[in-house]
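In case you want the letters, here they are:
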Amino acid sequence: MAKTKAKSDFIEGFKTSWPICMGYFPIGLAFGVLCQKAGLNPFEIGMMSVLVFAGSSQFIAVSMLSAGAEVVSIALATFVINMRHFLMSSSLAVYLQNSSWRFLSIFAYGVTDESFAVNMTKFREQEWSKYGALTVNQSANAAWILSTVLGGYGGEFIPAGSFGIDYALSAMFIALLVFQLRGRVYVMTGIIAGVLAVPLSLLFPGNSYVAIASSLA
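Residues numbered from 1 in each chain as written. Predicted model: local features only at pLDDT ≥ 70, side-chain atom pairs only at ≥ 80, totals over all residues. Heavy atoms only, no water.

Run through the packing of aromatic side chains, naming residues and quoting values.
Geometry of an aromatic ring pair is reported as the spacing of the ring centres plus the angle between the planes. Going through the model one piece at a time under the given rule, you end up with eight aromatic pairs. Judged by centre distance (5.8 Å) and plane angle (70 degrees), the rings of Y24 and W144 are edge-to-face. Note that Y24 is positioned in helix 1 (residues 2-37) and W144 in helix 8 (residues 130-154), a separation of 120 residues in sequence. Ring geometry for F31 and F59: centres 5.1 Å apart, planes at 65 degrees, overall edge-to-face. With a gap of 28 residues between them, F31 in helix 1 and F59 in helix 3 (residues 55-66) connect regions that are remote in the sequence. Judged by its relative accessible area of 0%, F31 falls in the buried class. Grouping aromatic residues by their ring pairs yields a cluster made of Y24, F31, F59 and W144. Note that K122 overlies the ring of W128, its terminal NZ or CZ placed 4.8 Å from the centroid. Between K130 and the ring centre of F103, over which it is positioned, the NZ or CZ distance is 4.8 Å. (Phe/Tyr/Trp six-rings, centres within 6.5 Å; stacked < 30°, edge-to-face > 60°. Helix = DSSP H or I, 4+ residues; strand = E, 2+ residues; numbered from the N terminus. Buried < 20%, exposed > 50% of the residue type's maximum accessible area, 1.4 Å probe, protein only. Lys NZ or Arg CZ within 6 Å of the ring centre and 35° of its normal.)

If you had to explain the nonpolar core to someone new, which residues and values would you point to?
Formed by 26 residues in total, the largest nonpolar core has its most connected members in F31, L92 and F107. Counting only elements with at least two residues in this core, the list comes to helix 1, helix 2 (42-51), helix 3, helix 5 (84-93), helix 6 (101-109), helix 7 (113-125) and helix 8. Look past the residues within four positions of F31 in its chain and what remains in contact with it is I45, M48, S49, Q58, F59, V62, W144 and T148. Listed in part, the seven residues of the second largest apolar core include A69, I74, V80 and A211. (Core = buried A, V, L, I, M, F, W, Y, C linked by side-chain atoms within 4.5 Å. Contact = heavy atoms within 4.5 Å.)

A description of the environment of A213 should follow, citing residues and the corresponding values.
Structurally, A213 is set in helix 11 (residues 208-216). The spacing of A213 and V195 is 18 residues in sequence and 8.4 Å in space, taken between C-alpha atoms.

So, a nonpolar patch on the surface: which residues are in play, and what are the values?
Taken together, the side chains of I174, L177, V178, L181, V185, Y186, V187, M188, I191, I192 and V195 define a hydrophobic patch exposed on the protein surface, amounting to about 960 Å² of accessible area. Among the secondary structure elements, those contributing two or more residues to the nonpolar patch are helix 9 (168-180) and helix 10 (184-203). At seven residues, helix 10 tops the list of elements feeding residues into the nonpolar patch. Within the fold, V195 resides in helix 10. (Patch = residues over 30% accessible without salt bridge, like charges linked within 9 Å, V, L, I, M, F, W, Y side chains within 5 Å. Areas by Shrake-Rupley, 256 points an atom, 1.4 Å probe, with all protein chains shown as cover. Salt bridge = Lys/Arg side-chain N within 4 Å of Asp/Glu carboxyl O.)

Structural data, given as structure tokens:
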């Protein structure tokens, strides 16, 4: 009976994660291409996706690496960008009570904006198994890793500047910003961060001013 339930949870979780996986593939391929153009090989791209698994942070890290930023600046920027995971994890913790620390460790690794949105919706609307939610996280994780590595291999056959690939990073973050402008406070925060970033860029070396401006805003 337990095996049947576990199999059912896995299948349901995989079905639920399919739209996320399909959405990750084009972004992951683009990320892999950008990494390849920045000098990373497919193994390094894959390891970044395995160890970090945070799309926006990975895009920023590659941009900062290309600009010659220091490790401390990259780590600080990643920390600030991923602080939203504290809030997402706190919300999910309500539905994961009495879970072992081993399960929570594996589950936490796979929490992203997309998997969080899907799992929270499922938890609120119906009786959603924590193993189904775990399957959503890990299926999305596998899709992201695979797509970024494939993009790294494919980047070798795409000339620099082709298909507007040089603008992909800026375009992606402009889109991410626009999607987050859901009210006046969001707009004001974005404007303040942009305004502060200009003078701070003259005071601080590398790209550390981005993290500082974001924190202050």
